[in-house]
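# Commentary on secondary and tertiary structure
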Amino acid sequence: VIVRPVMEESIKVAKEIVARSPDSVAATKRLYQETWVAPEEHCLKEETIIQRQLLASYNQLAASGRNFGVKIPYADRKDDIMDGKRPGGSSETHPF
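So, here is what we can say about the structure in this document. (Residues numbered from 1 in each chain as written. Predicted model: local features only at pLDDT ≥ 70, side-chain atom pairs only at ≥ 80, totals over all residues. Heavy atoms only, no water.)

Attention now goes to the overall build of the protein. A count of helical and extended segments in the protein gives five helices and zero strands. Seen in sequence order, the protein has helices and strands lined up from the N terminus as α-α-α-α-α. By sequence separation, contacts in the protein at least 24 residues apart represent 56% of the contacts at least 6 residues apart. Total accessible area on the protein stands at roughly 7100 Å², and carbon and sulfur atoms take up 59% of it. (Helix = DSSP H or I, 4+ residues; strand = E, 2+ residues; numbered from the N terminus. Contact = heavy atoms within 4.5 Å. Areas by Shrake-Rupley, 256 points an atom, 1.4 Å probe, with all protein chains shown as cover.)

Turning next to the layout of surface pockets. Taken as a whole, the largest pocket spans an internal volume of roughly 170 Å³. The wall of the largest pocket is formed by Ala19, Arg20, Ser21, Ser24, Gln60, Ala63, Arg66, Asn67 and Tyr74. The element contributing the most residues to the lining of the largest pocket is helix H4 (residues 58–67), with four residues. (1 Å grid on protein atoms, 1.4 Å probe; cavity = no way out; pocket = protein on both sides within 12 Å on 5 of 7 lines; lining within 4 Å. Points joined across faces, edges and corners; volume = space filled by probe spheres on them.)

Listed below in structure tokens is the structure:
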């Protein structure tokens, strides 16, 4: 059931995405691109790697602060979140 016109709902979703950490948006896109046809085991391993990268990022700190009303500005997105770089220098993304 569509409650609102499509354009109005699209704008609402876009505003929600823009309010999020740029690293988390990039990580979500990367996870989807790398796992949408992958085996479940690979998907879970990839998600774990990405979550560890996000948890160690400045933008995660900023996002957490915003949840408590502290307006910490986001830093520019970390390239390694989208580029698939692994801690330790590996960039292997599809082991299957």
